[in-house]
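Breakdown of the fold
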Amino acid sequence: MFTRRHLVLTAGVAPLANLVHAPGVFADSAPPPKPYAIEDFFGDVETYDTALSPNGKLISLAGLVKAPEPKAGEKTSEDKNVPVVLVLDATDPSKVLHKFNASGHRIQYTMWAKDNRLLVWIVVLYFDGYPIRRIVAIDPDGSNPVTLFENKRTSLNGFVDLGGAIDFLSDHPTDILMMAWDPNKEEPALYRVNVMTGSADRVEVGSLHTVLWAVQDGVAMLRIDVNDRGDVMTVLARPPGETSWKVARKFRADQTPDFFIVGPTAKAGVFLVGARLEGEDTVSVRELDIATMIFSKPVSSRPGSDSTGGFIDQYKRFVATAYTNDRTDYDFVDPALAPHYRGINSYFDHACNVRITEVDRAFSRLLLTVTGPQEPGSYYLYDRAQTKVLHLGTSRPDLDPDRLASMEAISIKTRDGGKISAYLSAPVDRKPGPLVVMPHGGPEIRDSMGFDIWVQVLAAQGWWVLQPNFRGSGGYGLDFAKAGWRHWDGRMQEDLDDAIDQALALRKLDAKRVAIMGASYGGYAALMGGLRRPDLYKAAISIAGPADLTEMLRYERQHDDTPDHERYGFWSSRIGDLDKGEAALDAASPRKRAKEFKVPVFLIHGDADKIVPVSQSREMNRALKEAGASVDYLEVKGVGHPSWPDKEEMNMLHRSVSFLTKAFA
């Protein structure tokens, strides 16, 4: 376990930028490797997490090692792997300085609170499927362990989820700020915690819906609250010297956000945020004075591309703005970092998302997380002075890249002269065959080139998978998203059609065996696609998809818990107006047109879904049966909008593969 390959690059920035690492290629005469079974994608994760100490000298890895063989007379443990934390020497990560065992509990992740103090998050048990966590602080050699919130021991049982680090107070030798549930107030609270003694003192209490604080110089000045359904975030501000919170901004949590907090600046009451202002097309990173609520001009922006985040280190230094353009990319504050990042991407053949997670105090070492279509996740350390990359650990070393689907980005010309991007994944043998179109949910999010279990499972059956970023998707700016507003049954479907035609022609795929499968909005797109194009699709799978837009909007209006009805207003602007266009909404609703269905349909829904109620699939199922159409139905007990336990997800994938196999026969 903890496979450790050391990858050393040639010295010098220029050679690094030009280095090419050749991917694995099958010889023409060699048979392709056997694809994985569905269960293979749900194995144990070997490396959970890595962290870098502020001085850059130490690395922590959380993960699994093989359980030791039992001694004579000892009972064999049911657990084949043991959760541990390894403390490594950053100058030579092959040196394990200490191994910390969690005594049978799962280790979730680690963070360095100080150069000499490591925090370890441990899941002690699960309650109704939710983890109950505790945090242990230790010295790098494992000595002086304490449980945080030690002085709250009498009420510790009331802390269901203990807890989250908010600020490491880099100027203080022992204290950090943490968020945890206050069992007395029955609300989330902000605590000042001593990581040497474990003692905690409450600083302030939030609301029942508080999910995050942002602080400057140890003082909370921004706070984020979420509504009951978890889809609308409210940002509250409290400028320096003031005592009351005021609403500063609201944004959707289920779409590409048009506002996010990056972190504090050195200016009092000024934070870096990502925001799309009135009249602007893209989300840009800029400064926000929370006393005046005045935004600065963008410090980083890209035409046609929304910023997806910013990176500020423990010392409040703004390092880079993040973007997603097929893959993760950055605009660096220090231009000298750019060639290093280009070189690292070159090493990974420009095929992976290289995300910077931590930097040390001297900017000499960078901790990287690398993911990609054939890379479930690996962790690397980059030494800037030596231009050296060291492999630290892999999340799923049991998954061989040569047995995973590859992915290519393709540019699609739409019938009206527009252009969209799409991603086409190939089975390992790359033989032309059936195609499964998988439109994303949202719809104002986007797909990118990453590791996707659903894609891998479908490709393992010998099928190609197409993921178009149709107009109406997020991440490309507001104009691109607006191009899909109130065109769910029109332009957005036509973009899918155009992407399919060009993908079929590009790889000479089997045009007589095409199916569509999606979740949430993607489920709607699957139903509408099957309705519109029975000549194209052999089957449609809708997972938690809206089927009746009229009833969906009524549900949104009835359950809108936002003060100014922002949620209903949001969906009305995207889907249609109940008061003015019910006939158009009915025409765009697959349930209302069930008698027209000619392709077999598989409906899947969780009965605890608060985003798209299960009644949407129940009523669609009933309508299709009454119409004499071919329909399968799977209702999953106790699960919500698609983010399911492994057992339920595996069952759903097995059922979906069987359904599509029958349709493609």
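Residues numbered from 1 in each chain as written. Predicted model: local features only at pLDDT ≥ 70, side-chain atom pairs only at ≥ 80, totals over all residues. Heavy atoms only, no water.

Looking only at helices and strands, the protein chain has 11 helices and 36 strands in total. Scaling as 2.2 N^0.38, a compact globule of 665 residues should have a C-alpha radius of gyration of about 26 Å, and the protein chain matches this with 26 Å. Expressed as lengths along the three principal axes of its C-alpha atoms, the size of the protein chain is roughly 70 × 65 × 60 Å. Across the 665 residues that make up the protein chain, the buried fraction comes to 55%. For the protein chain, long-range pairs separated by at least 24 residues make up 56% of all intrachain contacts whose partners lie at least 6 apart in sequence. Element-wise, carbon and sulfur atoms account for 51% of the exposed surface of the protein chain, whose accessible area totals about 28200 Å². In the protein chain, 78 positive and 88 negative side-chain charges are present, and the distance between their average locations comes to 2 Å. (Helix = DSSP H or I, 4+ residues; strand = E, 2+ residues; numbered from the N terminus. Rg over C-alpha atoms; globule rule 2.2 N^0.38 Å. Buried < 20%, exposed > 50% of the residue type's maximum accessible area, 1.4 Å probe, protein only. Contact = heavy atoms within 4.5 Å. Areas by Shrake-Rupley, 256 points an atom, 1.4 Å probe, with all protein chains shown as cover. Lys, Arg positive; Asp, Glu negative; His and termini not counted. Charge placed at Lys NZ, Arg CZ, Asp CG, Glu CD.)

Our focus in this paragraph is the pairing of strand E18 (residues 259–264). On a regular strand, each side chain points to the face opposite its neighbour's, so the side chains alternate between the two faces of the sheet. Across the six residues that make up E18, a large majority, five, are buried. Pairing between E18 and strand E19 (residues 270–275): five bridges, direction antiparallel. Bridge pairing in E19 places phenylalanine 259 opposite alanine 275. Adjacent in sequence and paired antiparallel, E18 and E19 are bridged by five residues, among which glycine 269 carries a positive phi angle near 75 degrees. (Pairing = 2+ DSSP bridges.)

What the largest pocket holds in volume is close to 1400 Å³. Along its surface, the largest pocket is lined by 49 residues, and Met111, Ala165, Ile166, Phe168 and Ile312 are the ones closest to its centre. Secondary-structure elements contributing two or more residues to the lining of the largest pocket are strand E2 (47–52), strand E6 (106–114), strand E10 (162–167), strand E14 (210–216), E18, strand E22 (307–312) and strand E25 (353–359). Along the lines of polarity and charge, the residues of the lining of the largest pocket split into 31 nonpolar, 12 polar and six charged. (1 Å grid on protein atoms, 1.4 Å probe; cavity = no way out; pocket = protein on both sides within 12 Å on 5 of 7 lines; lining within 4 Å. Points joined across faces, edges and corners; volume = space filled by probe spheres on them. Nonpolar A, V, L, I, M, F, W, Y, C, P; charged D, E, K, R; others polar.)

On to unusual backbone geometry. That bond from glycine 442 to proline 443 is cis: its omega, 0 degrees, falls within 30 degrees of zero. Note that proline 443 resides in the loop between strand E31 (435–437) and helix H3 (453–459). Residue glutamate 186 is not a glycine yet carries a positive backbone phi of 55 degrees. Inspection of the secondary structure puts glutamate 186 in the loop between strand E11 (175–182) and strand E12 (187–194). Judged by relative accessible area, which is 54%, glutamate 186 ranks as exposed.

Our next topic: the sheet that holds strand E32 (residues 464–469). Spatial ordering of the open sheet is given by E29-E30-E32-E31-E33-E34-E35-E36, a layout of eight strands whose pairing is mixed. Looking along the sheet, the strands with just one partner apiece sit at the ends: strand E29 (406–413) and strand E36 (631–636). Averaged over all adjacent pairs, the angle separating strand axes in this sheet is 20 degrees, with direction ignored. With respect to the sheet, helix H6 (residues 521–532) is in contact with strand E33 (514–519), strand E34 (537–543) and strand E35 (601–606), its orientation differing from that of E33 by roughly 150 degrees. (Axes fitted to C-alpha atoms, helices over the stretch in contact; angles between N-to-C directions.)

This next bit is on the environment of leucine 169. Its place among the elements puts leucine 169 in the loop between E10 and E11. For leucine 169, a relative accessible area of 9% translates into the label buried. Along the chain, leucine 169 and valine 215 lie 46 residues apart, while their C-alpha atoms are 9.8 Å from each other.

Moving on, we come to the packing of helix H7 (residues 549–558) against helix H8 (residues 566–575). H8 packs onto H7 with a crossing angle of 160 degrees between their chain directions and a minimal axis gap of 8 Å. One way to sum up the angle between H7 and H8 is to call them roughly antiparallel. Between H7 and H8 lies a crossing whose hand is left-handed. Between H7 and H8, the contacting residues are Leu549, Leu553, Glu556 and Arg557 on the first element and Arg567, Tyr568, Trp571, Ser572 and Ile575 on the second. Looking at the contact of H7 with H8, its residues break down into five nonpolar, one polar and three charged. (Parallel < 35°, antiparallel > 145°, perpendicular 65-115°, else oblique. Left-handed = near helix turned anticlockwise from the far one by under 90°.)

With that settled, the discussion passes to the sheet that holds strand E4 (residues 81–89). In spatial order, the strands read E2-E3-E4-E5; together these four strands make up an open sheet with antiparallel pairing. Both outer strands of the open sheet, E2 and strand E5 (92–101), are each paired with one neighbouring strand and no more. Neighbour-to-neighbour, the strand axes of the sheet open up by a mean angle of 30 degrees, direction not taken into account. Inspection of the sheet shows E2 paired to strand E3 (residues 58–66) by five bridges, in the antiparallel sense. Bridge assignment links aspartate 49 to a residue of E3, and that residue is alanine 62.

Take the packing of helix H5 (residues 491–507) against H6 next. One way to put it is that H5 packs onto H6 with a least axis distance of 11 Å and a crossing angle of 75 degrees. Accordingly, the angle class assigned to the pair H5 and H6 is roughly perpendicular. Note on element contacts: H6 touches H5 through Tyr521, Ala525, Met528, Gly529 and Arg532, opposite Met492, Gln493, Glu494, Leu496 and Asp497. For the contact of H5 with H6, a count of residues per class yields five nonpolar, two polar and three charged.

The set of residues buried in H7 consists of Leu549, Thr550, Met552, Leu553, Tyr555 and Glu556. Those residues of H7 that are buried lie in contact with H6, H8, helix H9 (582–587) and helix H10 (615–626).

Moving on, we get to helix H11 (residues 646–664). For H11, spanning 19 residues, the distance from its first C-alpha to its last is 26 Å, which sits close to the expected 27 Å at 1.5 Å a residue. Every buried residue belonging to H11 is among Glu649, Met650, Met652, Leu653, Ser656, Val657, Phe659, Leu660, Ala663 and Phe664, and all of these are buried. Considering only its buried residues, H11 is in contact with E31, H3, E33, E34, E35 and E36. (Expected span 1.5 Å × (residues − 1).)

What follows deals with the side chain of serine 617. Assignment of secondary structure puts serine 617 in helix H10. Ignoring sequence-local partners within four residues, the contact set of serine 617 consists of Gly545, Leu603, Ile604, His605 and Tyr633.

Let's shift gears to the nonpolar core. Among the nonpolar cores identified, the biggest contains 56 residues, and Leu435, Leu466, Trp488, Ile500, Val514, Phe597 and Leu624 are the most heavily contacted of them. A total of seven residues in this core trace back to one element, the largest contributor, which is H6. Residue contacts for tryptophan 488: discarding those within four places in its chain leaves Pro443, Gln493, Tyr521, Tyr524, Leu549, Trp571, Arg574 and Ile575. Judged by nonpolar contacts, the second largest core, of 34 residues, contains Tyr36, Phe42, Trp454 and Phe602. (Core = buried A, V, L, I, M, F, W, Y, C linked by side-chain atoms within 4.5 Å.)

Looking now at the packing of aromatic side chains. The final tally for this structure, using the stated rule, is 18 aromatic pairs. Both rings, one in tyrosine 36 and one in phenylalanine 41, keep their centres 5.9 Å apart while their planes meet at 75 degrees; by these two values the pair is edge-to-face. Here tyrosine 36 matches phenylalanine 41 in class, with each residue buried. For the pair phenylalanine 149 and tyrosine 191, a centre-to-centre distance of 5.1 Å together with 80 degrees between the ring planes defines the contact as edge-to-face. Linking phenylalanine 149 in the loop between strand E9 (146–147) and E10 with tyrosine 191 in strand E12, this pair joins segments that are 42 residues apart in sequence. Per residue, the accessibility class of phenylalanine 149 equals that of tyrosine 191, and both read buried. (Phe/Tyr/Trp six-rings, centres within 6.5 Å; stacked < 30°, edge-to-face > 60°.)

Let us look at the confidence of the model for the protein chain. Residues of the protein chain with pLDDT of at least 70 account for 91%, and the chain-wide mean is 89. Low pLDDT, under 50, characterises residues 1–29; the stretch is placed with 76 contacts to residues that sit more than four places away or in other chains. (pLDDT = per-residue confidence, 0-100.)

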